[in-house]
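Single-letter residue listing:
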Amino acid sequence: MSRQFTPKVVTANALLEGDAIWLTEDDRWSRDIREAELIEDEAHAQLRLLQAQSQPDVAVGAYLADAAKGATGPEPVHFREAFRTRGPSNYPHGKQEIR
Amino acid sequence: MYHYNDFDEAFVRNRVAEFRAQVERRIDGSLTEDEFKPLRLMNGLYLQLHAYMLRVAIPYGTLNSRQMRQLAMIAERWDKGYGHFTTRQNIQYNWPELCDVPAMLEALADVGMHAIQTSGNTIRNVTADHFAGAAADEVADPRPVAELLRQWSTDHPEFQFLPRKFKIAVTGAEADRAVIRAHDIGIQILRNDAGELGYRMIVGGGLGRTPMIGKVIRDFLPEADLLPYAEAIVSVYNLLGRRDNKYKARIKITVHEHGIEEIRALVEERFAALKPQFSGVDRQLFAEIQDAFAAPAWTGANTSAHDAALADPVYRAWADTNLAAHRNPDYAIVSVSLKKPGATPGDATAAQMRVLADLAETFGHDELRISHEQNVILPHVHKAYLPAIHKALKGADLATANIGLISDIIACPGMDYCALATARSIPVAQEIATRFEELKLEHEIGALKIKISGCINACGHHHVGHIGILGLDRAGVENYQITLGGDGTETTVIGERAGPGFSADEIVPAIERLVWAYLDHRHDASETFLQTYRRLGLAPFKAALYPEARADAA
Ligand code: SF4
């Protein structure tokens, strides 16, 4: 028996600005993880990753990151992914600046 | 100082033009990321957690005021108004957008700077003692050597695809301020018994996953043999270095696996073959470079203002910690701390960079240095000008009197920026510095070097910190491992692991317990943390770090 699949989101960095982006269900790239498609099936995750990787003009270095269902959409599980949704802790730069 | 010749200028301009075209082709889709990535890395452009990062080389840490102003302009125009000075005497911009990078490189080229070979498996920016040309204890200025090596290694056709990156550091004094024993090649300029200048050549040092202290491969290399010998070392490594495993690819592993005797024999053999091919052009070039680094014309002035200012305790504290002995007794070397408690180690705003540029131009023979300890140095300041400099620094929030003290912390960018990080390092540095500021204990504690890395790559030199902190990811939580007794000077020691790591909440109290243990155990205020550690070993510090373990054992 394979282990229980941890839900995933597809994430990458934007080609032009370099900031973190997430793949949405309707095939957009959002700068907000809460808009991402939360993928609960392993085969579908692999398919979505391949689709993401075939968009090198928008997204760089796409990968699958663990995520969990939150009240307002997917939420990061690991602290590294949490930082990517905010920005650095020493200045209010990055995504936290815009909000 | 050294100025670009026509060849340097044309080379750098061509590179910028080439990269501009590559960026355009990446954006219009004719280059894939796989094709583009090695090209951008060759030009110092990384993609990190939140943005691109441009790493700009500051060869041997030397800048003039015009260059510093240009760094400020770049920070303001294309970044977020600041820059981060690194342990490799580079400056990093954390927020450039891809389309702007060619213009940034063009602006750098305007002042004779570039980002070439700040990445990739090449010979990286050659670093040197940040007190070069100024230190009282110096045999010779290491920068001409570093510049010769820079010219030789830049775009060297044989060395663009080494097994791994390759770092060289040079010092001209017995006191090692350039951590030469933790470099792939470390070079110390010295005199032999006959009074001739030459080099002690050290190979195979390095930190990272497998820290190693460099070994002496030649105790005294005559001056004239430098380039053929360096070429022999790199070429032996280029053949022997392991390309099968990136963790075993640095020369430190090659030296470790083959043994220094075998490496020495191979290098000597290769050197004998190479030497006749160096026709003496390198010697002529070296002479020209040395002229470019001639000492400035010292001025005479009345130092009474400085003597009088020492009555002010704030000035006095700054003078005690931030000034170092200059080769000219009327002068001082000023270290400007970028470590105000609570600030990000190594960061300077554009406004601060301009103040530093102005001070260098007005009072400091137009010279600035970046230290591997992430501070800025005014290497040549007549003592008459010190009070004026202190006042200007205060106005720019740059007068922190903490050089070499507990809040003068080296910290790599860690997981606030770096894509390779396993934990953050900047907030740990900020919290430690802020805590000891509150305790008002810093000057009582005295010399103590804390160095923090956000992953095993050890850019924060944690292995050679008196107290080293390594940030790790333990089951999805940031965890900080402490090493003790490290030393990055001429008596290099790799620190010893103290025991299990601490969580982000526990790490600052743990450091505080260590410091209290030191204060309890030292003979008197003249015995430093490192000396006390060397006398007593790990045990009393371990007991302070893990009091519960002691209670359990009782
Ligand atoms: S030590 Fe690790 S986290 Fe820190 S800058 Fe180097 S690679 Fe990044």
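Residues numbered from 1 in each chain as written. Chains lettered and ligands numbered in written order. Predicted model: local features only at pLDDT ≥ 70, side-chain atom pairs only at ≥ 80, totals over all residues. Heavy atoms only, no water.

### Digging into the site of the ligand
Thought 1: Every residue close to the ligand is listed here: B:Cys412, B:Pro413, B:Gly414, B:Cys418, B:Leu420, B:Ala421, B:Gly454, B:Cys455, B:Asn457, B:Ala458 and B:Cys459.
Thought 2: Across the shell around the ligand, the residue classes break down as eight nonpolar, three polar and no charged. (Near = heavy atom within 4 Å. Nonpolar A, V, L, I, M, F, W, Y, C, P; charged D, E, K, R; others polar.)

### Overview of the nonpolar core
Looking at soluble globular proteins, one finds that nonpolar side chains tend to be buried together.
Thought 1: B:Met68 and B:Leu71 are the most contacted members of the largest nonpolar core, which totals 64 residues.
Thought 2: With residues near it in sequence (within four places) discarded, B:Met68 still touches B:Leu63, B:Phe85, B:Met353, B:Leu356, B:Ala357, B:Leu368, B:Ile370 and B:Val376. (Core = buried A, V, L, I, M, F, W, Y, C linked by side-chain atoms within 4.5 Å. Buried < 20%, exposed > 50% of the residue type's maximum accessible area, 1.4 Å probe, protein only. Contact = heavy atoms within 4.5 Å.)

### Brief notes about the pattern of salt bridges
Residue and element names in this part refer to chain B.
Thought 1: Enumeration over the complete set of coordinates arrives at 48 salt bridges over all chains.
Thought 2: Arg13 is paired through a salt bridge with Asp110; the nearest N and O atoms lie 2.9 Å apart. Of this pair, Arg13 sits in helix α1 (residues 6–27) while Asp110 sits in helix α4 (residues 101–110), and the two are 97 residues apart along the sequence.
Thought 3: The shortest N-O distance in the salt bridge between Lys340 and Asp397 comes to 3.1 Å. (Salt bridge = Lys/Arg side-chain N within 4 Å of Asp/Glu carboxyl O. Helix = DSSP H or I, 4+ residues; strand = E, 2+ residues; numbered from the N terminus.)

### Details of the sheet that holds strand β14 (residues 368–370) of chain B
Residues and elements named next belong to chain B.
Thought 1: Strand order in the open sheet formed by five strands is β3-β14-β15-β12-β11, and the pairing between neighbours is antiparallel. A strand with exactly one partner marks an edge of an open sheet, and here the two such strands are β3 (62–63) and β11 (323–325).
Thought 2: As defined by bridge partners, β3 adjoins β14 across two bridges and the pair is classed as antiparallel. For Thr62, the partnering residue across the bridge sits in β14 and is Arg369.
Thought 3: Most of the contacts of helix α12 (residues 350–363) go to strand β15 (residues 376–382), to which it runs at about 20°, and overall it touches β12 (331–336), β14 and β15.
Thought 4: Against the sheet, helix α13 (residues 386–395) touches β11, β12 and β15, its axis set at about 150° to β15. (Pairing = 2+ DSSP bridges. Axes fitted to C-alpha atoms, helices over the stretch in contact; angles between N-to-C directions.)

### Brief notes about the pairing of strand β17 (residues 450–453) of chain B
All names here are of chain B.
Thought 1: Side-chain alternation along β17 places Ile450 and Ile452 on one buried face and Lys451 and Ser453 on a second face that is also buried.
Thought 2: Pairing of strand β16 (residues 410–411) with β17, which is carried by two bridges, proceeds in the parallel orientation. When the sheet's bridge partners are listed, Ala411 is paired in β17 with Ile452.
Thought 3: Sheet analysis places β17 next to strand β18 (residues 467–474), joined by four bridges and oriented parallel. Bridging across to β18, Ile450 finds its partner in Ile467.

### A short note on the domain arrangement of chain B
Residues and elements named next belong to chain B.
Thought 1: Here chain B is partitioned into domain 1 (6–109), domain 2 (134–292), domain 3 (319–395) and domain 4 (410–553).
Thought 2: Computed over C-alpha atoms, the centres of domain 2 and domain 4 are 31 Å apart.
Thought 3: In this assembly, eleven residues from domain 2 lie in contact with twelve residues from domain 4.
Thought 4: Carbon and sulfur atoms make up 69% of the area that domain 2 and domain 4 hide from each other, which totals about 1,000 Å². (Domains from an automatic or database assignment. Buried area = accessible area lost by both parts, 1.4 Å probe.)

### Comments concerning the interface of chain B and chain A
Thought 1: On the chain A side, the residues contacting the 32 residues of chain B number 23 residues.
Thought 2: Summing the contributions of chain B and of chain A, the shared interface buries around 2,300 Å²; its carbon and sulfur component is 60%.
Thought 3: Sorting the residues of chain B by area buried against chain A places B:Leu49, B:His50 and B:Met415 first, and these three jointly supply 24% of that buried surface.
Thought 4: Counting across the interface, chain B meets chain A through one salt bridge.
Thought 5: Notably, a salt bridge pairs B:Lys80 with A:Glu97, separated by 3.3 Å at the nearest N-O pair.
Thought 6: Of all the secondary-structure elements, those providing two or more residues to the side of chain B that touches chain A are α1, α14 (426–439) and β19 (477–484) of chain B.
Thought 7: Of the residues forming the side of chain B that touches chain A, the biggest block, three residues, is contributed by α14(B).

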